[in-house]
Amino acid sequence: MTEHVIETKNLTKQYGTFKALDDVSLTIESGSITGLIGPNGAGKTTLMKMLGGLVFPTSGEMSLFGESSIKGLEHSRSRMSFMIETPYAKEGMTARENLEKQRIQKGIPEKKRVEEVLEMVKLSNTGKKKVKEFSLGMRQRLGIANALLAGPELMVLDEPINGLDPEGIVEIREMLLQLNREQKITILISSHILSELSLLCTDYVFINQGRLIERLTKEQLDRECCDYFRIRTLDNEKATAVLTNSLGIRKLEVGEDGAIHIFEGFERIPEISRALYEADAIPVELARNETNLEEYYMRKVQGGSIC
C-alpha cells in the first residue's frame, strides 16, 4: 500500500474573520511530485508553513509520515526539508561556507555532505564566489542545496522557480526530477508557472480562497484536459443553433476569444462544416486546441465546465 507522507483532515487557519485555510483535507503520497496550484492569497504558503510547524491550525488534524502527536510531528519534520519564501544565505559567504555553517547548525556529522549537495545542484564549481554575486537561479539552487543537507525524504518548496529566466527554470525542473527519480525524494511544490508544473508533477492540488477545489493525478488531468475544436463563424448565434438543434451537439460553449468551442463529435467535423455552410453560418476558422493546465485551473476556479 502506498504511504501517505502528508495527510490533513478539515485543516483550517483563521485570522479574525478571515480564513486563510478553510476545511482542507488532502493526502500526499510517497514518491510523488505534487503541484500546489492557486493564485496569490489562495492559502498555499499558509499550508506549507503549517506543515513546517511555523503556523498552527485553528482546527483540523494533520499527520506527517503517519504521526499526528506533537512529538510525532516534530520527529517527522526531521525527515523533511522546507524552502518557503526567499532562501536564506549570508551574502558575504560562498556557497560552500554557507552550507558548512548550516551543516554544523543542523548537527550533520559528515563533512562530505556539503560537497555532495553542491554537486547535486551544480554549484560545486563556484569556488570563492560570494552569494552576493550569485544570479537568482544560483541562489535558488543554493536554497535547494540547503534543503538537501539533511537527506530529506520529503521536500516542501514554495515558488522555487519564481523570477527565474527560462534556462534557470529548466535547470531547476531537471534537478527536481532527478532528485525524485534517483534519490526517491517526495516533493510538494507551489508555482505560478503552471506550464512548468505540467512538465514536472505526478499529482495536482488546486486551491482557491483557502479551499481545496480539486485533487487529481497527471493521468486524470490528461483525461480531463480534453481537446476541443475552435469554430469561428460569421454568425455564432445561428451556428450555435445548428450545432445544438440540427446536429445534437451539447458539449459546447462560446469562449472568451469569441469562437465556439465544441468538446465532442470531432469525427463529424466535415459534417459540421457542411451544415454551417448550408445554414449561412459560414465557418471562417476550424482549428483543434488542447486545454492546458492553466486553462483547466481557471475553468475550475470560475466554475465552468471542462468538457
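Everything discussed here concerns the structure shown above.
Residues numbered from 1 in each chain as written. Predicted model: local features only at pLDDT ≥ 70, side-chain atom pairs only at ≥ 80, totals over all residues. Heavy atoms only, no water.

**Q** Can you walk me through the pattern of salt bridges in this structure?
**A** Pairs can form between side chains of opposite charge once their charged atoms are near each other. In this structure the tally under the stated criterion is 13 salt bridges. Close ionic contact of Glu153 with Arg79 constitutes a salt bridge, the shortest N to O distance being 2.8 Å. A residue pair is termed long-range when its members are at least 10 positions apart, and Glu153 in the loop between helix H5 (136-148) and strand S6 (154-158) and Arg79 in the loop between helix H2 (70-77) and strand S5 (80-83) qualify at 74 residues. Assessed through its relative accessible area of 25%, Arg79 is described here as partly exposed. Taking the shortest distance from any N to any O, the salt bridge between Glu100 and Arg103 comes out at 2.5 Å. Note that Glu100 and Arg103 are positioned in helix H3 (residues 95-105) at a spacing of 3 residues, about one turn of the helix. The network of salt bridges with shared partners includes Lys19, Asp22 and Arg211. (Salt bridge = Lys/Arg side-chain N within 4 Å of Asp/Glu carboxyl O. Helix = DSSP H or I, 4+ residues; strand = E, 2+ residues; numbered from the N terminus. Buried < 20%, exposed > 50% of the residue type's maximum accessible area, 1.4 Å probe, protein only.)

**Q** Hey, could you run me through the packing of H3 against helix H4 (residues 112-120) in this one?
**A** For any two helices packed against each other, one specifies the crossing angle of their axes together with the interaxial distance. Relative orientation of the contacting elements H3 and H4 amounts to 130°, with a least axis distance of 9 Å. Our classification of the angle between H3 and H4 gives oblique. For H3 against H4, the interelement crossing comes out right-handed. On H4, the residues that touch Ala95, Arg96, Leu99, Glu100 and Arg103 of H3 are Val114, Glu115, Val117 and Leu118. Of the residues that constitute the contact of H3 with H4, the class distribution is 5 nonpolar, no polar and 4 charged. (Axes fitted to C-alpha atoms, helices over the stretch in contact; angles between N-to-C directions. Parallel < 35°, antiparallel > 145°, perpendicular 65-115°, else oblique. Left-handed = near helix turned anticlockwise from the far one by under 90°. Contact = heavy atoms within 4.5 Å. Nonpolar A, V, L, I, M, F, W, Y, C, P; charged D, E, K, R; others polar.)

**Q** Please clarify how unusual backbone geometry should be interpreted in this entry.
**A** Most peptide bonds take the trans configuration, and most residues that are not glycine carry a negative phi. Even without being a glycine, Lys122 presents a positive backbone phi close to 60°. Lys122 gets classed as exposed once you look at its relative accessible area, which sits at 59%. Even without glycine at this site, Glu159 takes up a positive phi of about 55°. Mapped onto the fold, Glu159 is located in the loop between S6 and helix H6 (166-182). Exposure remark for Glu159: the relative accessible area of 13% places this residue in the buried category.

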